[in-house]
Amino acid sequence: IIQLRLWYRIFIVIISNNLGLNNHRLVLWYSSKVVRILFYIFCFGVTFLLVLFILVHLLALDPKPHQFPTKCKKVTNCIRLTTDNKTNVDVHGLKIPVLNDNKDEVYATTETFFADYPGTQPLSQHNLGNNILLHFRTITSFFGFADDSYVLIIPSDTTTSVWIQGESRLGTSDFGVNRARMVEYLDYLKTHHNVTYI
């Protein structure tokens, strides 16, 4: 409280200097309960946002997957498209893409898409036998909420198929942003490869 009062005095002096208030008006401003309450609300608001920002970054540590996720943590903030229909989430209208290119070409296209996607950076890459697992993190611009995008590239003799999963680390809803990002990725594949679907 003492520190708040000190900052309040400094705040009043700064305001008075910028507005050119005389001593009489300065006293009125300093003694005004409305100004004081507004100042305290502002201070608590800034403190709340700082605490929230810190908590978001502490609670949303980067996962270190060594295999493609077996399911979504929450179905309300996730999209998952695999051959396992029981674990798929939010895939209405979507099918698994099968590309008429080798896994290296699909890998290069995937890397290019996520490298150009705002707020996104690669976190890890694992070779799982012949398959390639890619993990990307996307950070929102304001609070810095983190989303994870997983891509599993699965080659066969002449084609390559892709599994995807995108989910938020925190919260119960992502407002459809993970689905939108992964649909955009699937569309990007379609524009750079000959694609069939299963």
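This structure is a prediction, so every number in the text was calculated from the model and none was measured.

**Student:** So what about the packing of aromatic side chains? Which residues, and what values?
**Tutor:** Under the defined criterion, the tally for this structure stands at 7 aromatic pairs. Ring geometry for F113 and Y185: centres 5.5 Å apart, planes at 50°, overall tilted. You can see F113 sitting in helix 4 (residues 103-116) and its partner Y185 sitting in helix 5 (residues 177-192), a full 72 residues away along the chain. We classify F113 as buried; its relative accessible area is 5%. Among the aromatic residues, those joined into a cluster by ring pairs are F113, F114, Y117, F136, Y185 and Y188.

**Student:** Provide a residue-level description of the nonpolar core, including the pertinent values.
**Tutor:** Ranked by size, the top nonpolar core spans 21 residues in total, and within it F114, V151, V162, I164, Y185 and L186 carry the most contacts. Of all the secondary structure elements, the ones that give two or more residues to this core are strand 1 (78-81), helix 4, strand 4 (131-139), strand 5 (146-155), strand 6 (160-168) and helix 5. The element that contributes the greatest number of residues to this core is helix 5, accounting for 4 residues. With residues up to four places along the chain from it excluded, the contact list for I164 reads F68, I79, R80, L81, Y150, V151, M182, Y185 and L186.

**Student:** Break down the pattern of salt bridges for me, citing the residues and quoting the values.
**Tutor:** This model, assessed by the stated rule, comprises 5 salt bridges. For R137, the salt bridge is made with D62, and the minimal N-O distance between the two is 2.7 Å. A residue pair is termed long-range when its members are at least 10 positions apart, and R137 in strand 4 and D62 in the loop between helix 3 (33-59) and strand 1 qualify at 75 residues. Where D147 meets R181, a salt bridge forms, and the shortest distance between an N and an O atom there is 3.0 Å. With D147 in strand 5 and R181 in helix 5, this pair connects stretches of sequence that are 34 residues apart. Each member of the pair, D147 as well as R181, is classed as buried.

**Student:** Give a description of the pairing of strand 3 (residues 120-128) that names residues and reports values.
**Tutor:** When strand 3 meets strand 4, the two strands line up antiparallel, connected through 8 bridges. Looking across to strand 4, one finds that T120 is bridged to T138. Counting the residues between successive antiparallel strands, the hairpin from strand 3 to strand 4 contains 2 residues, one of them, G129, with a positive phi of roughly 65°.

**Student:** Account for the environment of D90, with residues named and values stated.
**Tutor:** Mapping D90 onto the fold places it in the loop between strand 1 and strand 2 (97-99). On the basis of relative accessible area, D90 is assigned to the partly exposed category, the value being 30%. If sequence neighbours within four positions are ignored, D90 has contacts with C78, I79 and R179. Side chain to side chain, D90 and H92 meet in a polar contact 3.3 Å long.

**Student:** Got a sec to walk through the layout of surface pockets? Specific residues and values, please.
**Tutor:** Taken as a whole, the largest pocket encloses approximately 320 Å³ of empty space. Looking at the largest pocket, it is lined by 18 residues, and the ones nearest its centre are T140, F145, D147, S168 and V177. Secondary-structure elements contributing two or more residues to the lining of the largest pocket are strand 4, strand 5 and helix 5. In terms of residues, the lining of the largest pocket owes the most to one element, helix 5, which gives 3 residues. Considered class by class, the residues forming the lining of the largest pocket number 9 nonpolar, 5 polar and 4 charged.

About the thresholds
Residues numbered from 1 in each chain as written. Predicted model: local features only at pLDDT ≥ 70, side-chain atom pairs only at ≥ 80, totals over all residues. Heavy atoms only, no water. Phe/Tyr/Trp six-rings, centres within 6.5 Å; stacked < 30°, edge-to-face > 60°. Helix = DSSP H or I, 4+ residues; strand = E, 2+ residues; numbered from the N terminus. Buried < 20%, exposed > 50% of the residue type's maximum accessible area, 1.4 Å probe, protein only. Core = buried A, V, L, I, M, F, W, Y, C linked by side-chain atoms within 4.5 Å. Contact = heavy atoms within 4.5 Å. Salt bridge = Lys/Arg side-chain N within 4 Å of Asp/Glu carboxyl O. Pairing = 2+ DSSP bridges. Polar contact = N/O pair within 3.5 Å; in protein donor to acceptor, adjacent residues only side chain to side chain. 1 Å grid on protein atoms, 1.4 Å probe; cavity = no way out; pocket = protein on both sides within 12 Å on 5 of 7 lines; lining within 4 Å. Points joined across faces, edges and corners; volume = space filled by probe spheres on them. Nonpolar A, V, L, I, M, F, W, Y, C, P; charged D, E, K, R; others polar.

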